[in-house]
Amino acid sequence: HRIVVVGSRAGPPPRMRAILRAARAAASRVAAWGALGGAGMALTSAPTECKRAPELPAPGSSVRHRIVVVGGGSAGVSVAAQLLRKMGREKADLAVIEPSDQHFYRPAWTLAGAGLVPLSRSRRAMSSVMPRGARWIKAAVTRFEPDSNALVLDNGARVSYDYLIVATGMQIKLDLIPGLEEALEGDHNVSTIWDARYVGKTWDGIRELGLREPELKHGGVALFTQPRLGRGCGGAAQKICWLAEDWWRTKTMVRPNLTVEFVTGRPALFPVEKYARALAEIGEERGVHVTYTSELVAVDGPNRTAVFESEDGARFERRFDFLHVTPRMVAPPVVEASPLADKTGYVDVDKYTLQHVRYPNVFAIGDSASVPTSRTIAAITAQAPVVVHNLIVTAGEQPGELAR
C-alpha cells in the first residue's frame, strides 16, 4: 500500500482525509500516462497546465527570450518545467517552441500496440502539458543561427536567446526501407509501433494472426526487426515481440505452429552482456529465434516477403504472416543542416555535461543530443537535472561546477 492508516472505526482524522484526497487526485493524474514502471517521471515534473494560449510572433518580426527550448516533447517539457521551478518565471523568461497541438507519450505506444491500453492514453493536448510560466510559441524552427544567438521560424519571424536548449527528438524515416511505406498502407499484416498511424494496426495484426489457427497448421511466421543504427529505445523493438509472443502462447492456439523470429542488426540483444545473456535465455525458453547482424533492407507487401542483408553483404529473404518493423531514425533536417550538428547530424554536445562543444550557451537533451546512451524517456529523466544545473551555473545564477 502507498498509505496505511491505523485508527478508530470512525475513520482517519480530518487532516489525514485531506492528505488521502490529495494523494488520490495526484495518483489519477499520473495513472493517465500509463503505469510504465516509473517511466512517466519526466512528465510528472511539469507544474500545472499552461493558462496562456499559444502565441506566434508576426511574420518577419523579432522577439527575444532569455531561455528558448526547441521542442515540446517529453524532453523539452521536462527541462522547461524544472528550469521554471528553480529560477522562477521572471528570471527564466522561458519560451518553448513547438508547432504541434498534441503531445504524445511514446513509451505507451508499445502497450497500445499489444492491445494493453488504448492509443488515446498516450495523447494529450499540448496546452495541458506546457509548464505554467512558459511562453508557448506555436511554430516550427527552420534555421538555427548560433553565431548570432538566434533562430528563424517557419513564418520568417526571428527569435533571439541568451541560452538555447535543443529538444527536437528524432525523425522516423520509413522511406529508407524500400517498400515499407506501401506495405504499411496496404493490407499485408505489416505494422510498426513507431508511428501513431500504425500503432492500432500492430494490435490488429497480432490479434488477426491469433485467430488463424486452422490456416497455420502447416506453419506460420511472425517477424520482428531492429536496425543496427539510427534507432530509438533499444528495448521497444523487443518488448513488442515478447508481448505478442506471450499473447499468442497464452491466449490463442496458434503458437505451436508459429515461428517467431527477431532479426536485429546488432551482434547482441543488449549492449550490456549481463542483460544480453538473460534476454537470449528468455528467447530460448519461449522458442523465439534470434538472427543477429542482419538488417531489413526491403519489404514486398503483396508477396509478404522481407529482404535482409547480413553483415557480410549477403542478402536473404523471409516469408511472413506478420511483420513488425522498427524503422530507421535520423536527426531532424533542421538540426542536421545547422552549425550545431556533428557528423552524425545530432547536436554536438559533451556527453557528460550536455553542453555544446563550440557554443557554451547551447545545450541538448533527449533524442537530439549526440550522446552514446539509449534514446529513451529514462535517459531524459537522468539528463534533465544535468541540463538544468549546468545552464543555471553557466548563466551565473548559481556558483559551482558543471554537473556530469
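As a reminder, the structure under discussion sits directly above these lines.
Read on for an overview of the structure. Note that the structure is a prediction, hence the values are computed from the model and not measured.

Our next topic: the pattern of salt bridges. Scanning all chains against the criterion turns up 21 salt bridges. Here arginine 328 makes a salt bridge to glutamate 295, at a shortest N to O gap of 3.7 Å. With arginine 328 in strand β18 (residues 328–330) and glutamate 295 in strand β14 (residues 294–300), this residue pair connects regions lying 33 residues apart in the sequence. When its relative accessible area of 23% is taken as the criterion, arginine 328 is described as partly exposed. You can call glutamate 295 buried: its relative accessible area is 15%. We note a salt bridge from aspartate 348 to arginine 358, for which the minimum N-O separation is 3.2 Å. Linking aspartate 348 in the loop between α11 (333–336) and β19 (362–364) with arginine 358 in the loop between α11 and β19, this pair joins segments that are ten residues apart in sequence. The exposure class assigned to arginine 358 is partly exposed, which follows from its relative accessible area of 43%.

Contact pair helix α8 (residues 196–210) / helix α9 (residues 234–251): the axes reach a minimum separation of 10 Å and the direction vectors enclose 30 degrees. The orientation of α8 with respect to α9, classified from their angle, is roughly parallel. Relative to α9, α8 is oriented so that their crossing is right-handed. Only Ile240, Ala244, Trp247 and Trp248 of α9 make contact with α8, whose side of the interface consists of Thr202, Trp203, Ile206, Arg207, Leu209 and Gly210. Counted by class, the contact of α8 with α9 contains seven nonpolar, two polar and one charged residues.

Taking 1.5 Å as the rise per residue, helix α3 (residues 74–87) with 14 residues should run 20 Å; its terminal C-alpha atoms sit 20 Å apart, in good agreement. Among the 14 residues in α3, twelve count as buried, and that is most of the element. Every buried residue of α3 is accounted for by Ser74, Ala75, Gly76, Val77, Ser78, Val79, Ala80, Ala81, Gln82, Leu83, Leu84 and Met87. Positive backbone phi, at 85 degrees, marks glycine 88, one or two positions downstream of α3.

If you look at the biggest cluster of nonpolar residues, it comprises 59 residues, and the most contacted ones within it are Ile67, Leu83, Leu94, Leu151, Leu164 and Ile165. Counting residues per element, this core draws most heavily on helix α12 (residues 377–394), which supplies eight residues. Non-local contacts of leucine 151, meaning those with residues more than four positions away in its chain, are made with Val68, Val70, Ile97, Val141, Arg143, Phe144, Glu145, Ala157, Arg158, Val159, Tyr161 and Leu164. In terms of nonpolar packing, the next biggest core, distinct from the first, is built from 29 residues, Met170, Trp194, Leu209 and Tyr346 among them.

Strand order in this open sheet of three strands is β14-β15-β16, and the pairing throughout is antiparallel. In this open sheet, the two strands that pair with only one neighbour each are β14 and β16 (315–319). Ignoring strand direction, the axes of neighbouring strands in this sheet form an average angle of 30 degrees.

Counted residue by residue, β14 has six buried out of seven residues, so it is predominantly covered. Bridge count between β14 and strand β15 (residues 305–310): six bridges; the pairing is antiparallel. Bridge pairing in β15 links valine 299 to alanine 306.

Parameters at a glance
Residues numbered from 1 in each chain as written. Predicted model: local features only at pLDDT ≥ 70, side-chain atom pairs only at ≥ 80, totals over all residues. Heavy atoms only, no water. Salt bridge = Lys/Arg side-chain N within 4 Å of Asp/Glu carboxyl O. Helix = DSSP H or I, 4+ residues; strand = E, 2+ residues; numbered from the N terminus. Buried < 20%, exposed > 50% of the residue type's maximum accessible area, 1.4 Å probe, protein only. Axes fitted to C-alpha atoms, helices over the stretch in contact; angles between N-to-C directions. Parallel < 35°, antiparallel > 145°, perpendicular 65-115°, else oblique. Left-handed = near helix turned anticlockwise from the far one by under 90°. Contact = heavy atoms within 4.5 Å. Nonpolar A, V, L, I, M, F, W, Y, C, P; charged D, E, K, R; others polar. Expected span 1.5 Å × (residues − 1). Core = buried A, V, L, I, M, F, W, Y, C linked by side-chain atoms within 4.5 Å. Pairing = 2+ DSSP bridges.

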